[in-house]
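Each chain is listed here by its residues.
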Amino acid sequence: MLLSVDRSDATVGQSISFDVIAAVAEQEGVDPMELEPPEYEALYDVVNPEALDSLFEMRSNGQERPTGRVEFPFCGYHVVVRSDGEVEVADLDGDLE
């Protein structure tokens, strides 16, 4: 099953790393605050959350960063974070489009 999170109406200050946690928590049917060890893998065990958050942020000079995406496994899901802030989550054995 594929879940996609659109950040276009996200609250100010919400990070991409939190969106990843929220998307996986939704797939698991739990509150994002419940997605923590030891029941679940920690995000920082698979990717640096601060680096993920800053990867596609606006540069300090106001210029946008290049387009792209980052993919990684997390809590049994295949996660894709796109430069536009979209987060896609699918079962590890599922297909992402």
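Since this is a predicted model, take the numbers as computed values, not measurements.

Each value, and the rule that gives it
Residues numbered from 1 in each chain as written. Predicted model: local features only at pLDDT ≥ 70, side-chain atom pairs only at ≥ 80, totals over all residues. Heavy atoms only, no water. Salt bridge = Lys/Arg side-chain N within 4 Å of Asp/Glu carboxyl O. Buried < 20%, exposed > 50% of the residue type's maximum accessible area, 1.4 Å probe, protein only. Helix = DSSP H or I, 4+ residues; strand = E, 2+ residues; numbered from the N terminus.

(A) Expanded view of the pattern of salt bridges. Summed over the entire model, instances satisfying the criterion amount to two salt bridges. In this structure, Arg69 and Glu71 form a salt bridge, with 2.4 Å as the shortest nitrogen-oxygen distance. When its relative accessible area of 45% is taken as the criterion, Arg69 is described as partly exposed. Between Arg82 and Glu88 there is a salt bridge, with its nearest N and O atoms 3.2 Å apart. By relative accessible area, which is 19% here, Arg82 ends up buried.

(B) Representation of unusual backbone geometry within the structure. Pro38 follows Pro37 through a cis peptide bond whose omega is 10 degrees. Assignment of secondary structure puts Pro38 in the loop between α1 (16-28) and α2 (49-55). With phi around 55 degrees, Cys75 is a residue other than glycine that occupies positive phi space. In this fold, Cys75 is placed in the loop between β2 (69-74) and β3 (77-82). Given the relative accessible area of 16%, Cys75 is considered buried.

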